[in-house]
Amino acid sequence: MIINGAALRTIRERSGLTQTALARAVGTDRSHLSNIENGRRNCSDELVIAIARALKIDLPAILADPTEVAS
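Residues numbered from 1 in each chain as written. Predicted model: local features only at pLDDT ≥ 70, side-chain atom pairs only at ≥ 80, totals over all residues. Heavy atoms only, no water.

Undergrad: How should the overall build of the protein chain be read in this particular structure?
TA: Scanning the protein chain from N- to C-terminus turns up four helices and zero strands. For the protein chain, the α and β elements follow one another from N to C terminus as α-α-α-α. Over its C-alpha atoms the protein chain spans a radius of gyration of 11 Å, differing by no more than 12% from the 11 Å that the globule rule assigns to 71 residues. Each of the 71 residues in the protein chain was classed as buried or not, and the buried ones make up 31%. Residue pairs at least 24 apart in sequence account for 59% of intrachain contacts in the protein chain once pairs closer than 6 positions are excluded. Counting only carbon and sulfur atoms, one obtains 47% of the accessible surface of the protein chain, whose full area is about 4500 Å². (Helix = DSSP H or I, 4+ residues; strand = E, 2+ residues; numbered from the N terminus. Rg over C-alpha atoms; globule rule 2.2 N^0.38 Å. Buried < 20%, exposed > 50% of the residue type's maximum accessible area, 1.4 Å probe, protein only. Contact = heavy atoms within 4.5 Å. Areas by Shrake-Rupley, 256 points an atom, 1.4 Å probe, with all protein chains shown as cover.)

Undergrad: Before we go on, may I ask you to explain the environment of Ile49 in this structure?
TA: Tracing the chain through its elements places Ile49 in helix 4 (residues 45–55). Of the residues examined, Ile49 reaches a relative accessible area of 33% and is grouped as partly exposed. Each C-alpha atom, one on Ile49 and one on Leu59, is 6.8 Å from the other, the two residues being 10 residues apart in sequence. Each residue touching Ile49, except ones within four places of it in the same chain, is listed here: Met1 and Leu59.

Undergrad: Looking at this structure, I do not really get the packing of helix 1 (residues 5–14) against helix 3 (residues 30–37). What am I missing?
TA: What describes two packed helices is the angle between their axes and the distance between those same axes. Viewed as axis vectors pointing N to C, helix 1 and helix 3 meet at an angle of 125 degrees, and their least axial separation amounts to 7 Å. Relative to helix 3, the element helix 1 is oriented oblique. Between helix 1, through Gly5, Ala6, Leu8, Arg9 and Arg12, and helix 3, the contact on the second element is made entirely by Leu33, Ile36 and Glu37. Classifying every residue of the contact of helix 1 with helix 3 gives four nonpolar, one polar and three charged. (Axes fitted to C-alpha atoms, helices over the stretch in contact; angles between N-to-C directions. Parallel < 35°, antiparallel > 145°, perpendicular 65-115°, else oblique. Nonpolar A, V, L, I, M, F, W, Y, C, P; charged D, E, K, R; others polar.)

Undergrad: Looking at this structure, how should I read the side chain of Asn35?
TA: Of note, Asn35 is situated in helix 3. A relative accessible area of 18% means that Asn35 is categorised as buried. Once residues lying within four places of it in the same chain are set aside, the contact partners of Asn35 are Arg40 and Arg41.

Undergrad: Explanation requested: the nonpolar core in the structure shown.
TA: Most often, soluble globular proteins have nonpolar side chains that are buried together. By size, the foremost hydrophobic cluster in this structure holds 15 residues, and its most contacted members are Ile3, Leu8, Leu22, Ile51 and Ile62. Sorting the residues of this core by element identifies helix 1, helix 2 (19–26), helix 3 and helix 4 as the ones contributing at least two each. The biggest single contributor to this core is helix 4, with five residues. In contact with Ile51, other than residues within four places in its own chain, are Ile3, Leu8, Leu22, Val26, Leu33 and Ile62. (Core = buried A, V, L, I, M, F, W, Y, C linked by side-chain atoms within 4.5 Å.)

Structural data, given as structure tokens:
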């Protein structure tokens, strides 16, 4: 699964969470989360699911549109 970093950032900010708080909630560090939000890193399926749960959102809300992802 590939995360839409901009959507993730928007939802996280609207939820009132800092990168540090979300990273702690899902068991990663702030720099890794920052890299995900900025499209510099991918993450495991397990981390994507953990992020969606922590934000209390449906998984598709933070997934990238597969038709827009370059092969």
